[in-house]
Amino acid sequence: MGLSEAQQLALHPHAILVSRRQEGNPILRHIRNVRWQFADITPDYLAGPGTAILFLSLRFHLLKPAYIYGRMKALQRAYKLRILLCYVDTEDAVGPLAEVMRASIGLDCTLICSFSPQECARYLETFKSYENKPADAIQKSIGSDFVSTATAALTTIRGVNKTDVKTLGDRFGSIASLFQATQQELSLCPGKKMSTLEKMRARLTGGRFRWLNEQLYTTQGHTAQKLMQQHPEYFEEYHEGFREQTKGWPLLPVDAAIGWLASCPRTWVVADLGCGDAKIAASAKQRVLSFDLVARAPGVIAANMASLPQDSASVDAAVLCLALMGTDYAAFLREAVRILRPGGALWIAEVKSRFAGPGVMDAFVAAVQALGARLKRRDEKNTHFIMLQFEKTAAGPGGKETGAAWPALGACQYKKR
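Residues numbered from 1 in each chain as written. Predicted model: local features only at pLDDT ≥ 70, side-chain atom pairs only at ≥ 80, totals over all residues. Heavy atoms only, no water.

### Digging into the pattern of salt bridges
Formally: Definition used for salt bridges: Asp or Glu carboxyl oxygen within 4 Å of a side-chain nitrogen of Lys or Arg. For every residue, the accessible area (1.4 Å probe, protein chains only) is compared with the maximum for its type, and the residue is labelled buried under 20%, exposed over 50%, or partly exposed between those bounds.
Applying the stated criterion across every chain yields a total of 16 salt bridges. With its nearest N and O atoms 3.3 Å apart, the salt bridge here joins Asp379 to Arg377. A residue is classified by how much of its surface remains accessible, and Asp379, at 8% relative accessible area, is buried. Looking at Arg377, the relative accessible area reads 31%, which means it is partly exposed. Of the charged contacts in the structure, one is a salt bridge between Glu380 and Arg378, with a shortest N-O distance of 2.8 Å.

Okay, here's the thing in structure tokens:
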């Protein structure tokens, strides 16, 4: 009875195990920096217990295109790393490589292309040499001190070099101070144009904004509120980043809400849920109760939108402008319907991409209506966001759970700028 692959590896721990199918393969003549040994193994080469390598000549693939599918399937999931080493030995390689790439993706293999037998041999040697080394062995070494980490981060921005980082460090002392620098302070920096410095700060600010955006969309309301209460500066950073991301929109959702309220009775009491800088309260003619995770503007009430400190049936309208952020957004809507008087209006604006997928929008509308709110208007004319208006019915659960299936809404993704 033959030895298992594990037993053969134990006998030759420092060698690449080579399947007898590979006898006569010219790349074997070029493996010189590590040992290799013929063995009875499933893959063509075994560079370690979890590293299986299949070899494919592109010219051979053109003759027998079904061969590689069978070989990949034979590996199954027995190896942590499955590699297809493809020797590109044909002139017209675009079409065949596309086929091989699709096969690799479909069968969960890593595709490595080489263009000579010598290069194939170097790859095999490298896989064996790095068998027991950590991942950071092939990463660029970065010092752990502040100057090294700041240099590594800031020099990724085009136009910024190590000298610039030193100048900025001497001037501001920290990246946090650079975030908060005014236009005048930046203009006093020697050696760099304002456009480059502004671009640098915009890149840093944009990265923080996207991180905060991810936190808000992938956590529950109480977790987001705790984060903002512990770091009140995050609230301003988020809204500054949001203004930068949306400055090119032809119409902002908050302005659409203000326009809608202009046609509503002045006697209404309006709840602005997720109010931000409370622009609606400053612009609308009605009395507006402003709620958000932290109170950073006059008159704002700090609250988790899933548990509002407001009496039931006490407002005439509830507005949610891009406010359905948490994974528990259904609780936000239950609260909004709860505080509405019968006949009150629920006005929602959300980014269109959040409803991507078949049936997501219809499922969302059905779930809101199950709370006791009838859809009155659905406006999808805007290129960036959709507007929905519901009316709370006199009879109905009034914000209580009814067993409706709430669809998972996608997180709002913003482009890197």
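### Some points on the packing of aromatic side chains
In plain terms, the rule: For this analysis, a ring pair means two rings from Phe, Tyr or Trp (six-membered ring only for Trp) whose centres lie within 6.5 Å, classed as stacked if their planes differ by under 30 degrees, edge-to-face if by over 60, and tilted for the remaining angles. Here a strand is any run of E in DSSP of at least two residues, a helix any run of H or I of at least four, and the numbering for each starts at the N terminus.
Evaluated as defined, the whole model comprises 10 aromatic pairs. Ring geometry for Tyr329 versus Trp406: centroids 5.7 Å apart, planes at 90°, classification edge-to-face. Taken together, the positions of Tyr329 in helix 15 (residues 329–339) and Trp406 in the segment after strand 13 (385–392) put the pair 77 residues apart, joining distant regions of the chain. Residues Tyr329 and Trp406 agree in their burial class; the two are buried. In this structure an aromatic cluster arises from ring pairing among Tyr329, Phe355, Phe364 and Trp406.

### Observations regarding the sheet that holds strand 2 (residues 35–39)
Let me state the cut-off plainly: Between any two strands, at least two bridges found by DSSP are needed for them to pair. Note on geometry: axes are C-alpha line fits, over the in-contact stretch for helices, and angles between N-to-C directions span 0 to 180 degrees. Contact criterion: two residues are considered in contact whenever any of their non-hydrogen atoms come within 4.5 Å of each other.
The strand order 2-1-3-4-5-6 describes an open sheet built from 6 strands, whose pairing is mixed. Both edges of this open sheet fall to strand 2 and strand 6 (110–114), since each of them pairs with a single strand only. Strand-to-strand twist of the sheet, defined as the mean angle between neighbouring strand axes without regard to direction, takes the value 25°. Here strand 5 (residues 81–87) runs beside strand 6; their pairing, made up of 5 bridges, is parallel. Along strand 6, the bridge assignment pairs Ile83 with Thr110. Here helix 3 (residues 67–75) sits on the sheet in contact with strand 4 (51–57) and strand 5, set at roughly 175° to strand 4.

### Some details on the sheet that holds strand 13
A sheet is described by the order of its strands in space; here 7 strands give the open sequence 9-8-7-10-11-13-12, paired in mixed fashion. The sheet is open, and its two borders are formed by strand 9 (300–302) and strand 12 (373–379), each paired with just one other strand. Each adjacent strand pair in this sheet contributes to an overall mean axis angle of 20°, direction not counted. One ladder, built from 6 bridges, connects strand 10 (residues 315–321) with strand 11 (residues 340–351); its direction is parallel. Across the sheet, Leu320 pairs through a bridge with Ile348, a residue of strand 11.

Everything listed here is a matter of coordinates, which is why it stays silent on function.
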